[in-house]
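Spelled out, the chains give:
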Amino acid sequence: MTPTLSIPASELRWRFSRSSGPGGQHVNTSDSRVQLSWSVAGSAAVSEEQRATLLARLAARLVDGAVTVTASTERSQLRNRAIASGRLAALLAAALAPEGPRRRATTATRGAHRRRLAAKQQRSATKQQRRRPDAD
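Residues numbered from 1 in each chain as written. Predicted model: local features only at pLDDT ≥ 70, side-chain atom pairs only at ≥ 80, totals over all residues. Heavy atoms only, no water.

K.L.:
Now, about the nonpolar core: what can you tell me, with residues and values included?
P.N.:
Trp38, Leu54, Leu58, Val67, Leu88 and Leu92 are the most contacted members of the largest nonpolar core, which totals 19 residues. Looking at this core, the elements that each hand over two or more residues are β2 (33–39), β4 (66–71) and α2 (77–96). Not counting the four nearest positions on each side in its chain, Leu58 is found in contact with Leu91, Leu92 and Ala95. (Core = buried A, V, L, I, M, F, W, Y, C linked by side-chain atoms within 4.5 Å. Buried < 20%, exposed > 50% of the residue type's maximum accessible area, 1.4 Å probe, protein only. Helix = DSSP H or I, 4+ residues; strand = E, 2+ residues; numbered from the N terminus. Contact = heavy atoms within 4.5 Å.)

K.L.:
Provide a residue-level description of the packing of aromatic side chains, including the pertinent values.
P.N.:
Using the criterion set out here, one finds zero aromatic pairs in the structure. For Arg81, the ring lying beneath its charged end belongs to Trp14, and the centroid distance is 4.7 Å. (Phe/Tyr/Trp six-rings, centres within 6.5 Å; stacked < 30°, edge-to-face > 60°. Lys NZ or Arg CZ within 6 Å of the ring centre and 35° of its normal.)

K.L.:
Give a description of the environment of Ser10 that names residues and reports values.
P.N.:
Its place among the elements puts Ser10 in the segment before β1 (12–17). Ser10 sits in the exposed class, given a relative accessible area of 70%. Residues Ser10 and Trp38, spaced 28 residues apart in sequence, show a C-alpha to C-alpha distance of 9.8 Å.

K.L.:
So what's going on with the pattern of salt bridges? Residues and values would help.
P.N.:
Using the criterion set out here, one finds four salt bridges in the structure. Linking Asp31 and Arg18 is a salt bridge whose minimum nitrogen-to-oxygen distance equals 4.0 Å. Of this pair, Asp31 sits in the loop between β1 and β2 while Arg18 is found in the loop between β1 and β2, placing the two residues 13 residues apart along the sequence. A relative accessible area of 36% places Asp31 in the partly exposed class. Ionic pairing is found between Glu48 and Arg51, a salt bridge with its closest N-O pair at 3.4 Å. Here Arg51 and Glu48 lie together in helix α1 (residues 48–57), a separation of three residues that amounts to about one turn. On the basis of relative accessibility, which here comes to 58%, the residue Glu48 falls in the exposed class. What makes Arg51 buried here is its relative accessible area of 12%. (Salt bridge = Lys/Arg side-chain N within 4 Å of Asp/Glu carboxyl O.)

K.L.:
An account of unusual backbone geometry is needed here, citing residue identities and associated values.
P.N.:
One non-glycine residue, Asp64, lies in positive phi territory at about 55°. Positionally, Asp64 belongs in the loop between β3 (62–63) and β4. Of the residues examined, Asp64 reaches a relative accessible area of 79% and is grouped as exposed.

K.L.:
Lay out the sheet that holds β2 with the relevant residues and their values.
P.N.:
Taken together, the four strands give an open sheet; going across it, the order is β1-β2-β4-β3, and neighbouring strands pair in antiparallel fashion. A strand with exactly one partner marks an edge of an open sheet, and here the two such strands are β1 and β3. For β2 and β4, the ladder comprises six bridges, and the chain directions are antiparallel. Residue pairing for β4: Trp38 is matched across the bridge by Val67. (Pairing = 2+ DSSP bridges.)

Read these as geometric descriptors, not functional statements.
The structure is reproduced here in structure tokens:
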């Protein structure tokens, strides 16, 4: 599925159902909606390190250790199958991607601090000028 991970077809579970949306009378008779499930916990295609990463990063999407992707945008089941497998591949690639570098905390420069306060004072003066004058 991804450049570093190849899932055998025997581990993928496909389910088909009737889809909502366009299609007229055809939509009432064809099972064009696709659900693709893959068990992360029971897969032999991933190493233990990859499994731990996937389980941690996809925890919100997992149901009994399996991730499920749905596609029902197209009228054709074949196209929805391609979309679902693409979504699963993208999801797994994003979950297995290494984390980016940590953000290094910095402080604002003295000039930036002064400019920010000057802008606040200018804005305050503008709003004070819009007020109704005192009755004195």
